[in-house]
Amino acid sequence: MKDDVRYRPVPGTPGLVLGQARLSEFQFDRHYHEDYHIGLVTQGVQRQHVRGKSILLGPGSLALMPPGEIHDGAGVSDYGAAYTLKTFRLSPALMRGFIEDVSGAAADERFLGTLIEDAALAYRFMALHSAWMSGAQDEPLAQQSQSLALMGALFARTGEVRPQEVKGGLAPVHRRAVRDYCHAHLCEKIGLDDLASLCGLSRFQFLRRFTQAVGLTPHAWLVRLRLEHACAALATARVSVAQVAADVGFYDQSHFNRAFRMAYGAPPSAYQPSAPSPAV
């Protein structure tokens with residue numbers, strides 16, 4: 001099997017590059033990075049030597065490598081030698097931003113090369129990596145919320161960064177401000193930064209408070225708002241499905257169709273009025 005290595009910068013998130021490799025012959029000699037690496041092996045096993053220890057990275061685990069950490073990597077013959085590696089490469093500036101957002105304090109980078117055995121967390125990183133690597137587009141609110149929630153979970157798991165305690169939901173005045181803003185900008189891209197600033201909160205605080213208050217993440221709530229507006233538009237006017245999708249903020253019709261079916265169990269055309277029967 002021929003080795004295959006690919007990289008993909010993530011649009012909308014400067015400083016984040018995804019990597020994906022299927023390796024059977026290539027070995028990573030001892031090296032270091034200038035950025036942070038989060039690595040997952042989804043098939044097979046990779047052996048790494050870090051800080052005088054030999055560790056095995058396989059499905060259900062993550063490896064966190066900070067800048068300057070010397071390590072290597074190679075397939076393990078006992079497991080077939082070939083393995084699939086997925087990586088998130090985060091610039092120091094991006095990582096500091098995540099630390100400050102999650103902790104509510106100035107970034108204090110204390111990470112060492114760490115193996116984290118947590119199948120549920122690894123699966124969440126793997127699913128997000130696969131979606132972004134495939135080129136699936138997503139709006140800023142979903143992308144920023146998913147990234148922040150995952151990094152918060154990673155920090156909590158390592159114990160090196162303590163997520164700030166966020167108790168209680170949004171005040172009614174803030175909920176109204178968010179709703180009014182989303183109604184006014186429904187056809188536009190809406191980011192987590194936009195909504196958090198309305199409430200005078202950090203992105204992490206807003207994400208937690210909104211979810212506690214509403215029972216949905218901000219992205220899930222916004223998608224439903226867009227779909228409800230779409231239903232009304234489809235039922236009352238003779239406009240194309242593509243036009244309705246654009247008017248309520250979906251980036252293309254196929255994305256709109258998928259979301260509509262998941263929400264209502266029928267295609268958007270089911271909400272459009274039928275053409276009158278011709279006179280006999």
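Residues numbered from 1 in each chain as written. Predicted model: local features only at pLDDT ≥ 70, side-chain atom pairs only at ≥ 80, totals over all residues. Heavy atoms only, no water.

Caption draft 1: Inspection of the confidence of the model for the protein chain at higher detail. On average, residues of the protein chain score 90 in pLDDT, and 96% of them reach the 70 mark or higher. Note on residues 275–280: pLDDT under 50 across the span, and two contacts to partners over four residues away in sequence or across chains. (pLDDT = per-residue confidence, 0-100. Contact = heavy atoms within 4.5 Å.)

Caption draft 2: Highlighting helix α3 (residues 140–158). Given a rise of 1.5 Å per residue, 19 residues ought to cover 27 Å, and the 27 Å separating the end C-alpha atoms of α3 matches this to within 8%. Looking one or two places after α3, you find Gly159, whose phi comes out positive at around 80°. (Helix = DSSP H or I, 4+ residues; strand = E, 2+ residues; numbered from the N terminus. Expected span 1.5 Å × (residues − 1).)

Caption draft 3: Highlighting helix α2 (residues 119–133). The end-to-end C-alpha distance of α2, which contains 15 residues, comes to 20 Å, matching closely the 21 Å that a straight helix rising 1.5 Å per residue would cover. Within the span of α2, buried status applies to Leu121, Ala122, Phe125, Leu128, His129, Trp132 and Met133. Take α2 and look down its axis: the buried residues cluster within an arc of 130°, on one side only. Exposed positions of α2 whose direction lies more than 90 degrees from the buried face are Ala119, Ala120 and Tyr123. Packing partners of the buried residues in α2 comprise β1 (4–9), β2 (16–23), β4 (36–43), β7 (61–65), β9 (83–90) and α3. Structurally, the start of α2 carries an N-cap: the backbone nitrogen of Ala120 is 3.3 Å from a side-chain oxygen of Asp118. (Buried < 20%, exposed > 50% of the residue type's maximum accessible area, 1.4 Å probe, protein only. Arc of directions from axis to C-beta. Polar contact = N/O pair within 3.5 Å; in protein donor to acceptor, adjacent residues only side chain to side chain.)

Caption draft 4: Fine view of the environment of Ala171. The topology assignment puts Ala171 in the loop between α3 and α4 (172–184). Here the alpha-carbon distance between Ala171 and Cys199, two residues 28 residues apart in the chain, equals 8.8 Å.

Caption draft 5: The side chain of Glu69, seen in detail. Structurally, Glu69 can be placed in the loop between β7 and β8 (71–75). Given the relative accessible area of 9%, Glu69 is considered buried. In this structure Glu69 touches His31, Tyr32, Val50, Arg51, Leu112 and Gly113, once residues within four positions along its chain are discounted.

Caption draft 6: Up close: the packing of aromatic side chains. Applying the stated criterion across every chain, the model contains nine aromatic pairs. With 5.0 Å between their ring centres and 90° between their planes, Phe26 and Phe28 make a pair best called edge-to-face. Judged by its relative accessible area of 26%, Phe28 falls in the partly exposed class. An angle of 70° between the planes, with centres 5.8 Å apart, marks the rings of Phe210 and Trp221 as edge-to-face. With a gap of eleven residues between them, Phe210 in helix α6 (residues 203–214) and Trp221 in helix α7 (residues 218–236) connect regions that are remote in the sequence. Since its relative accessible area comes to 4%, Phe210 is described here as buried. Taken together, Phe250, Phe256, Phe260, Tyr264 and Tyr271 form an aromatic cluster joined through their ring pairs. (Phe/Tyr/Trp six-rings, centres within 6.5 Å; stacked < 30°, edge-to-face > 60°.)

Caption draft 7: Quick look at the sheet that holds strand β10 (residues 114–117). As summarised here, the arrangement of the six strands in space is β1-β2-β9-β4-β7-β10, forming an open sheet in which the pairing is antiparallel. Whereas interior strands pair on both sides, the edge strands pair on one side only; in this sheet they are β1 and β10. The sheet shows a mean angle of 20° between the axes of neighbouring strands, direction not considered. In this sheet, β7 lies alongside β4 in antiparallel orientation, the contact comprising three bridges. (Pairing = 2+ DSSP bridges. Axes fitted to C-alpha atoms, helices over the stretch in contact; angles between N-to-C directions.)

Caption draft 8: Fine view of the nonpolar core. With 60 residues, the main nonpolar core has Ile38, Leu90, Phe125, Met151, Phe155, Phe206 and Phe256 as its most contacted residues. The element that contributes the greatest number of residues to this core is α7, accounting for eight residues. With sequence-adjacent residues up to four places away left out, Met151 is seen in contact with Ile38, Leu90, Met95, Phe98 and Phe125. Ala21, Val41, Leu57 and Leu85 belong to the second-largest nonpolar core, a separate cluster that totals seven residues. (Core = buried A, V, L, I, M, F, W, Y, C linked by side-chain atoms within 4.5 Å.)

Caption draft 9: Broad picture of the state of the cysteines. Applying the stated rule across the entire model yields zero disulfides. This cysteine, Cys199, is not joined by any disulfide, and Cys182 carries the nearest cysteine sulfur, 10.0 Å off. Classification of Cys199 as buried rests on a relative accessible area of 7%. With no disulfide of its own, Cys231 lies 18 Å from the sulfur of Cys182, the closest cysteine sulfur. On the accessibility criterion, Cys231 (8% relative accessible area) is buried. (Disulfide = S-S within 2.5 Å.)

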